[in-house]
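# An overview of the molecular structure
Here are the chains, one letter per residue:
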Amino acid sequence: MFSGVRTVAVVLAMTAATTAFAQTPAPALPPGVFAAERDIALATAGTYTLDESHTAVIARVSHLGYSQSVFRFDRVKGSLTWNPTAIEKSQLSATVDTASIATNVKGFAEELAGDGFLKAKAFPQATFVSTAFRPTDKTRGKVEGHFTLMGKTRPVTFDVELGGAGKGFGGKPRIGVRAVATINPQDYGMMPFFTDPIQIQIDTEFEKND
């Protein structure tokens, strides 16, 4: 009997807590700040600039087959011309400073930027310039283009997925995307140490220009 009473009491308490939680209003955003929605219709036409403060460029490199080493590039510039009525006519260009590479291995970033690896002094930037936008559904697509690294240019295709779109900050439209591609390191003259494909992952936001 007492066991049954305790069970009923627990159920009632959980129900009350769930009801109270459901009735609690969500915290309000600061004035002029608008959260994104997963709706590409909110990405209005125009020219957008990449928000460097909300961008992560990650390279995942095989460490002799044991694990994936993760490197981040911290200085990125980019521009997006977005045409929602003819997405295939949209254009994208982006530039990464190769010397801005970062790693949690102490002192290794400087070595990676040096002449043994990325040769950042001779080739200070890696670039991507789109040649085609190919939507596959309302939130995903492929962006084809030319990727240049250490003076060598090859075709690369990014799989792109919408993170969110909306009014952004201060009413300036904003688009967030995630893009992933793989490159063959030997296509760009990297040392034989790099044999497996390198994955490039980009999470970024673009803010519409005035």
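Refer to the structure printed above.
What comes next concerns the included structure.

Rules of the game
Residues numbered from 1 in each chain as written. Predicted model: local features only at pLDDT ≥ 70, side-chain atom pairs only at ≥ 80, totals over all residues. Heavy atoms only, no water. Helix = DSSP H or I, 4+ residues; strand = E, 2+ residues; numbered from the N terminus. Buried < 20%, exposed > 50% of the residue type's maximum accessible area, 1.4 Å probe, protein only. Contact = heavy atoms within 4.5 Å. Areas by Shrake-Rupley, 256 points an atom, 1.4 Å probe, with all protein chains shown as cover. Phe/Tyr/Trp six-rings, centres within 6.5 Å; stacked < 30°, edge-to-face > 60°. Core = buried A, V, L, I, M, F, W, Y, C linked by side-chain atoms within 4.5 Å.

What follows deals with the overall build of the protein chain. Counting its secondary structure elements, the protein chain contains two helices and eleven strands. Ordered by position in the sequence, the α and β elements of the protein chain form the string α-β-β-β-β-β-β-α-β-β-β-β-β. For the protein chain, with 210 residues in total, the buried portion stands at 33%. The contacts of the protein chain with a sequence gap of at least 6 include a subset with a gap of at least 24, amounting to 55%. Taken as a whole, the protein chain presents about 12800 Å² of accessible surface, with 60% of it coming from carbon and sulfur.

Looking now at the packing of aromatic side chains. Following the criterion strictly, the structure yields six aromatic pairs and no others. Measuring from centroid to centroid gives 5.5 Å for Phe147 and Tyr188, while their planes differ by 75 degrees, and the two rings are edge-to-face. Separated by 41 residues along the polypeptide, Phe147 in strand E8 (residues 140-149) and Tyr188 in the loop between strand E10 (172-183) and strand E11 (198-208) bring together distant segments of the chain. Tyr188 carries the same exposure label as Phe147, and that label is buried. Ring-pair connections join several aromatic residues into one group, and the members of that group are Phe71, Phe108, Phe117, Phe193 and Phe194.

Counting residues in each nonpolar core, the largest one holds 43 residues, and the members touching the most others are Phe147 and Leu149. Contact partners of Phe147, with chain neighbours within four places excluded, come to Ala126, Thr127, Phe128, Lys152, Thr153, Arg154, Val156, Ile183, Tyr188 and Ile200.

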